[in-house]
Amino acid sequence: MDNEFAVHSNCTSPASYQQYTWALTDKLRKTAKSELREDEQLRSQGLAQMREFIAKSPHIKRCRTDALFLLRFLRTKKYSIPQACAMLEKYLTVRQTIPAWFYRLDIEDPEIEAIIDGGYIVPLPERDDHGRQVILSVAGNLDLSRVSSTLLARVHFLVQEVLADDEPSQICGYVHCVDERELSMKLMGMWSLVDIKKVADCIQNGIPNRINGFNLIGLPSTAATLLDFCVSLLSDKLRKRINLFRTVEDVAGKINRKILPKEYGGTVPMADMIAQFKERCRQKRAQLLAMDDMCIELSKVPGHCADSCRRDLDAGMIGSFRKLEVD
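All of the points below concern the structure found in this document. (Residues numbered from 1 in each chain as written. Predicted model: local features only at pLDDT ≥ 70, side-chain atom pairs only at ≥ 80, totals over all residues. Heavy atoms only, no water.)

**Quick look at the packing of helix 6 (residues 110-117) against helix 7 (residues 149-163)**
Selection criterion: Helix axes are fitted to C-alpha atoms over the stretch in contact, other axes to C-alpha atoms as well, and angles between N-to-C directions run from 0 to 180 degrees. Every helix listed is a DSSP run of H or I at least four residues long, and every strand listed is a run of E at least two residues long, numbered separately from the N terminus. For classification purposes, angles smaller than 35 degrees are called roughly parallel, those larger than 145 roughly antiparallel, those between 65 and 115 roughly perpendicular, and all remaining angles oblique. It only takes one pair of heavy atoms within 4.5 Å for two residues to be counted as in contact. Think of it as three bins: nonpolar holds Ala, Val, Leu, Ile, Met, Phe, Trp, Tyr, Cys and Pro, charged holds Asp, Glu, Lys and Arg, and polar takes everything else, Gly as well.
Look at helix 6 against helix 7: their axes get within 10 Å of each other, and the N-to-C directions meet at 70 degrees. Taken as axis vectors, helix 6 and helix 7 run roughly perpendicular relative to one another. Of helix 7, the residues touching helix 6 (which contributes E111, I112, I115 and I116) are L151, L152, R154, V155 and L158. Per-class residue counts for the contact of helix 6 with helix 7 are seven nonpolar, no polar and two charged.

**Focus on the packing of aromatic side chains**
Operational definition: Here a Phe, Tyr or Trp ring, Trp counted by its six-membered ring, pairs with any other such ring whose centre lies within 6.5 Å, and the pair is stacked when the planes are under 30 degrees apart, edge-to-face when over 60, and tilted otherwise. The cut-offs for exposure are 20% and 50% of the maximum accessible area for each residue type, with area from a 1.4 Å probe on protein chains only; residues under the lower value are buried, those over the upper are exposed, and the others partly exposed.
Scanning the model with the defined rule gives five aromatic pairs in all. For the ring pair F73 and Y91, a centre distance of 5.5 Å and an interplane angle of 75 degrees mean the geometry is edge-to-face. A residue pair is termed long-range when its members are at least 10 positions apart, and F73 in helix 3 (residues 67-76) and Y91 in helix 4 (residues 81-97) qualify at 18 residues. A residue is classified by how much of its surface remains accessible, and Y91, at 0% relative accessible area, is buried.

**Considerations on the environment of I171**
In this fold, I171 is placed in helix 8 (residues 167-172). Spatially, the C-alpha atoms of I171 and R29 are 9.0 Å apart, while their sequence positions differ by 142 residues. Contacts of I171, omitting those with residues within four sequence positions, involve W22, L24, L28, T31, A32, E35, L36, R75 and R210.

**As for empty space enclosed by the protein**
Over the atoms a probe the size of a water molecule is rolled, and this reveals where empty space is left. Note the following rule: Using only the protein atoms, space was sampled on a 1 Å grid; points where a 1.4 Å probe fits but cannot get out form cavities, open sets with protein on both sides within 12 Å along at least five of seven lines form pockets, and lining residues are those with an atom within 4 Å of a point. Grid points are joined across faces, edges and corners, and a volume is the space filled by probe spheres set on the points.
Under the definition given, this model contains three cavities of 30 Å³ or more. When its volume is computed, the largest cavity comes out at roughly 1,200 Å³. Surrounding the largest cavity, 40 residues form its lining, H156, V178, V199, I203 and F214 being those nearest its centre. Examining the composition of the lining of the largest cavity, we find that seven residues originate from one element, helix 7, more than from any other. Tallied by class, residues from the lining of the largest cavity come to 34 nonpolar, five polar and one charged.

Structure below.
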């Protein structure tokens with residue numbers, strides 16, 4: 001792995017940080033300024049302050065300190081340094097607390113590769129009209145005899161990590177389109193309430209990405225209770241970004257059909273999109289595996305993810321259910 005993306009032992013900084021160079025379009029520069037408050041001065045100060053925080057932290061032992069990694073957190077939190085540093089701590093904590101979900105995110109793992117090859121989840125090569133990365137997930141493309149909730153979590157977090165250093169996505173955000181038309185009771189039953197709570201906590205507090213929308217297609221009525229529970233765990237901001245669509249045609253009208261797979265009315269076959277994404281995974285493979293070397297001393301970080309999830313559930317912190325209107 002290039003030194004630029006190295007995990008530095010005991011947070012020893014490299015002799016000098018590689019200078020960040022803006023290589024994006026003027027349009028993205030304006031978007032970053034208007035939506036994230038980002039400009040050259042704020043970005044430079046934010047990177048310096050986060051690097052200082054990591055270097056002085058008594059519990060962060062090994063961590064990436066390159067600009068693309070730290071910008072994940074700064075941009076997600078719109079350059080609030082305290083919030084960005086808190087999310088970094090949470091990110092390192094959940095990775096280490098739930099290693100079965102986050103470690104060995106390897107496209108050459110046969111179980112992971114089989115799920116990707118099957119078309120369960122694929123980032124679309126072209127962005128939507130707002131510059132956002134669209135991620136399509138298809139429940140009906142799973143072989144339920146060969147998967148578990150842990151394996152599915154690993155695949156989802158592999159996708160997240162492969163995309164996370166992409167600057168246009170850091171700035172413009174992500175949209176998740178989930179085809180639930182063949183969602184089964186067996187698939188829903190793989191996830192315990194504790195695991196669902198962990199996922200919600202990770203998405204909102206520990207995983208740095210700007211989620212602009214969840215588009216759920218053809219959700220069966222049997223999943224209504226589960227959806228209500230999942231929604232109850234989300235912040236008001238994320239709740240408002242959940243949209244239900246009855247058909248693929250309905251959601252295609254919202255996204256721009258041409259960027260969807262051919263099977264959904266676009267022009268590029270899903271198999272080609274999968275092949276492109278797998279190549280991207282292979283290019284990132286060494287970097288992703290090296291990230292397993294990051295380390296935070298959990299005994300010095302209060303209330304890490306697994307324990308807090310269990311405490312919340314034991315205390316009955318389920319939240320109030322909310323019904324969603326179908327577009």
